[in-house]
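# Fold and geometry: a report
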Amino acid sequence: MEFSLNSPLDMHIHFRQDKMLELVAPLTAKYFAGGVIMPNLVPPVDSIDKLDKYRSEVEQITSPLNFEPYMTLFFRQYKEEELLAAKDKIIGIKLYPAGVTTNSESGISDLKQADSTFRMMQELGIPLLVHGETHGFVMDRESEFISVYQWLAENYPNLRITMEHITTKDAVEFLDRYENVFATVTLQHLLITLNDVAGGLLQPHLFCKPIAKRPEDREALLEAALEAHPKLMFGSDSAPHPVHKKESAGCAAGVFTAPVAIPILVELFEKHNKLENLQTFLSENARRIYKILPPEKTTTLSKQEYTIPVRYGEVVPFRAGETVSWWYKDE
Ligand code: DOR
Ligand code: ZN
């Protein structure tokens with residue numbers, strides 16, 4: 001049996017730089033038609049020069065694979081001329097509250113001070129992508145941030161806001177409250193809860209930010225994804241770290257799902273008899289929400305037992321060494 005997807009999109013992906021970029025970017029670009037490339041490099045991508053440079057580094061690797069990198073800038077207070085120059089080069093600007101995750105130290109501490117940037121983004125039609133977590137208790141960080149989303153949605157009604165990598169029932173419910181609010185969800189948050197991370201022996205390869213939550217949260221996310229909720233897009237948040245940074249005291253946050261995301265999604269949607277909704281979740285919603293036309297690409301899988309490699313280079317993938325029931329055709 002075969003299953004094909006038309007131009008699947010990953011609306012949240014970490015490509016990194018140098019050797020890591022060379023390792024991981026092809027593992028997305030082979031299978032996806034496009035992806036939203038995160039800007040949390042060291043230093044962050046927060047100027048047109050850095051953006052141009054990073055785009056060309058990415059393109060060098062991805063263009064032979066017929067992949068469109070949708071670039072982002074790292075949020076700071078920008079001048080109008082900077083935003084005008086960036087507008088046609090980016091899909092949006094990614095906001096990290098200062099210090100909430102990997103390489104976010106130069107993020108924003110007081111959103112109210114960024115009013116003029118939000119206003120200009122709204123006028124210019126530049127979407128705002130948000131890592132929505134407070135510095136509160138780890139299980140409550142996303143729910144606590146909902147009031148910030150509400151403040152943004154109400155104060156900037158024409159600003160398109162994407163709640164990145166949502167992990168809670170609260171966020172799913174919030175999606176329907178404001179027309180200008182959208183969301184991405186990862187693979188791992190459809191499948192795991194905190195129990196899988198820390199309920200038995202600690203699983204560093206499942207540790208990410210935001211951390212996986214409760215069973216009822218996962219259920220709400222899964223239900224929304226399986227129905228291809230019109231405001232929800234797939235964004236893997238695939239975030240590679242070398243194995244020594246994961247299997248260590250002070251484990252880095254991030255789950256590496258790039259090469260395995262599509263097969264595992266096919267398996268999951270099939271199990272729930274919802275395969276007919278996967279195309280919408282993986283591509284159509286994003287095209288409509290961001291008004292993008294990705295390159296034409298058909299990704300075909302066949303039903304076959306496949307054992308996920310234990311490593312890709314120095315990175316351990318999600319479900320390393322486990323068997324999946326679908327894999328890419330001819331691989
Ligand atoms: O787990 C995460 N890893 N969450 C993020 O927000 C950042 C990412 C990374 O860049 O490693
Ligand atoms: Zn991310």
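Refer to the structure printed above.
Residues numbered from 1 in each chain as written. Chains lettered and ligands numbered in written order. Predicted model: local features only at pLDDT ≥ 70, side-chain atom pairs only at ≥ 80, totals over all residues. Heavy atoms only, no water.

## What to know about the packing of aromatic side chains
Counted by the stated rule, this structure contains 17 aromatic pairs. Seen from their ring centres, tyrosine 31 and tyrosine 328 are 3.5 Å apart, and the 5° between their planes marks the pair as stacked. Residue tyrosine 31 is located in the loop between helix H1 (18-29) and strand E3 (34-37), and its partner tyrosine 328 is located in strand E11 (residues 323-328); the two are separated by 297 residues in the primary sequence. In this structure tyrosine 31 comes out as buried when scored by relative accessible area, which is 5%. The class for tyrosine 328 is buried, based on a relative accessible area of 2%. (Phe/Tyr/Trp six-rings, centres within 6.5 Å; stacked < 30°, edge-to-face > 60°. Helix = DSSP H or I, 4+ residues; strand = E, 2+ residues; numbered from the N terminus. Buried < 20%, exposed > 50% of the residue type's maximum accessible area, 1.4 Å probe, protein only.)

## Overview of the packing of H1 against helix H2 (residues 48-62)
The N-to-C vectors of H1 and H2 enclose an angle of 60°; their axes lie 9 Å apart at closest approach. Classified by the interaxial angle, the pair formed by H1 and H2 is oblique. Crossing handedness for the pair H1 and H2: right-handed. Taken together, the residues of H2 that come into contact with H1 (itself represented by Leu21, Glu22, Ala25, Pro26 and Ala29) are Glu57, Val58, Ile61 and Thr62. Residue classes in the contact of H1 with H2 are distributed as 6 nonpolar, 1 polar and 2 charged. (Axes fitted to C-alpha atoms, helices over the stretch in contact; angles between N-to-C directions. Parallel < 35°, antiparallel > 145°, perpendicular 65-115°, else oblique. Left-handed = near helix turned anticlockwise from the far one by under 90°. Contact = heavy atoms within 4.5 Å. Nonpolar A, V, L, I, M, F, W, Y, C, P; charged D, E, K, R; others polar.)

## As for the nonpolar core
If you look at the biggest cluster of nonpolar residues, it comprises 99 residues, and the most contacted ones within it are Phe118, Leu278 and Phe281. With 7 residues, the single largest contributor to this core is helix H11 (residues 261-271). Counting residues in hydrophobic clusters, the runner-up holds 15 residues, among them Tyr70, Phe74, Tyr96 and Leu129. (Core = buried A, V, L, I, M, F, W, Y, C linked by side-chain atoms within 4.5 Å.)

## Topic: empty space enclosed by the protein
Scanning all chains against the criterion turns up 2 cavities of 30 Å³ or more. In this structure, the largest cavity occupies an estimated 110 Å³ of space. What lines the largest cavity is a set of 17 residues, and nearest its centre among them are His14, Thr101, Lys209, Asp237 and Ala239. Considering only enclosed or pocket space, the second largest cavity measures out at about 40 Å³ in volume. Taken together, His205, Ala239, His241, Lys246, Gly254, Val255, Phe256, Val315 and Val316 make up the lining of the second largest cavity. When the residues that make up the lining of the second largest cavity are grouped by side-chain class, the tally is 5 nonpolar, 3 polar and 1 charged. (1 Å grid on protein atoms, 1.4 Å probe; cavity = no way out; pocket = protein on both sides within 12 Å on 5 of 7 lines; lining within 4 Å. Points joined across faces, edges and corners; volume = space filled by probe spheres on them.)

## Some points on the site of ligand 1
Residues in close proximity to ligand 1 total 13 residues, the closest being Arg16, Asn40, Lys209, His241 and Ala253. Within the side chain of arginine 16, a nitrogen or oxygen atom sits 2.8 Å from an oxygen atom of ligand 1. In the environment of ligand 1, a nitrogen atom lies 3.0 Å from a nitrogen or oxygen atom belonging to the backbone of alanine 253. Contact with the protein chains covers 99% of the free accessible surface of ligand 1, which is 290 Å². Looking at the shell around ligand 1, its residues break down into 3 nonpolar, 7 polar and 3 charged. (Near = heavy atom within 4 Å. Polar contact = N/O pair within 3.5 Å; in protein donor to acceptor, adjacent residues only side chain to side chain. Areas by Shrake-Rupley, 256 points an atom, 1.4 Å probe, with all protein chains shown as cover.)

## Describing the pattern of salt bridges
Per the counting criterion, the structure on display carries 16 salt bridges. Residue arginine 55 is joined to glutamate 68 by a salt bridge in which the shortest nitrogen-to-oxygen separation is 3.1 Å. Of this pair, arginine 55 sits in helix H2 while glutamate 68 sits in strand E4 (residues 68-74), and the two are 13 residues apart along the sequence. Of the residues examined, arginine 55 reaches a relative accessible area of 22% and is grouped as partly exposed. Using a relative accessible area of 27% as the deciding quantity, one classes glutamate 68 as partly exposed. Between glutamate 270 and lysine 303 there is a salt bridge, with the nearest N and O atoms lying 2.7 Å from each other. Of the two residues, glutamate 270 is situated in helix H11 and lysine 303 in strand E10 (residues 298-307); the sequence distance between them amounts to 33 residues. (Salt bridge = Lys/Arg side-chain N within 4 Å of Asp/Glu carboxyl O.)

## With respect to the environment of arginine 319
Along the chain, arginine 319 turns up in the loop between E10 and E11. Taking relative accessible area as the criterion, arginine 319 reaches 26% and is therefore assigned partly exposed. Residues arginine 319 and glycine 250 lie 69 residues apart in sequence; the distance between their C-alpha atoms is 21 Å. Setting aside anything within four residues of it in sequence, one finds arginine 319 in contact with Leu191, Ile264, Glu267 and Ile308.

## As for the sheet that holds strand E6 (residues 128-130)
Strand order in the open sheet formed by 8 strands is E2-E3-E4-E5-E6-E7-E8-E9, and the pairing between neighbours is parallel. Strands at the two margins of the open sheet, each flanked by one partner only, are strand E2 (9-13) and strand E9 (232-234). This sheet shows a mean twist of 25° between the axes of neighbouring strands, independent of strand direction. Here E3 runs beside E4; their pairing, made up of 4 bridges, is parallel. Note that in E4 the partner of glycine 35 across the bridge is proline 69. (Pairing = 2+ DSSP bridges.)

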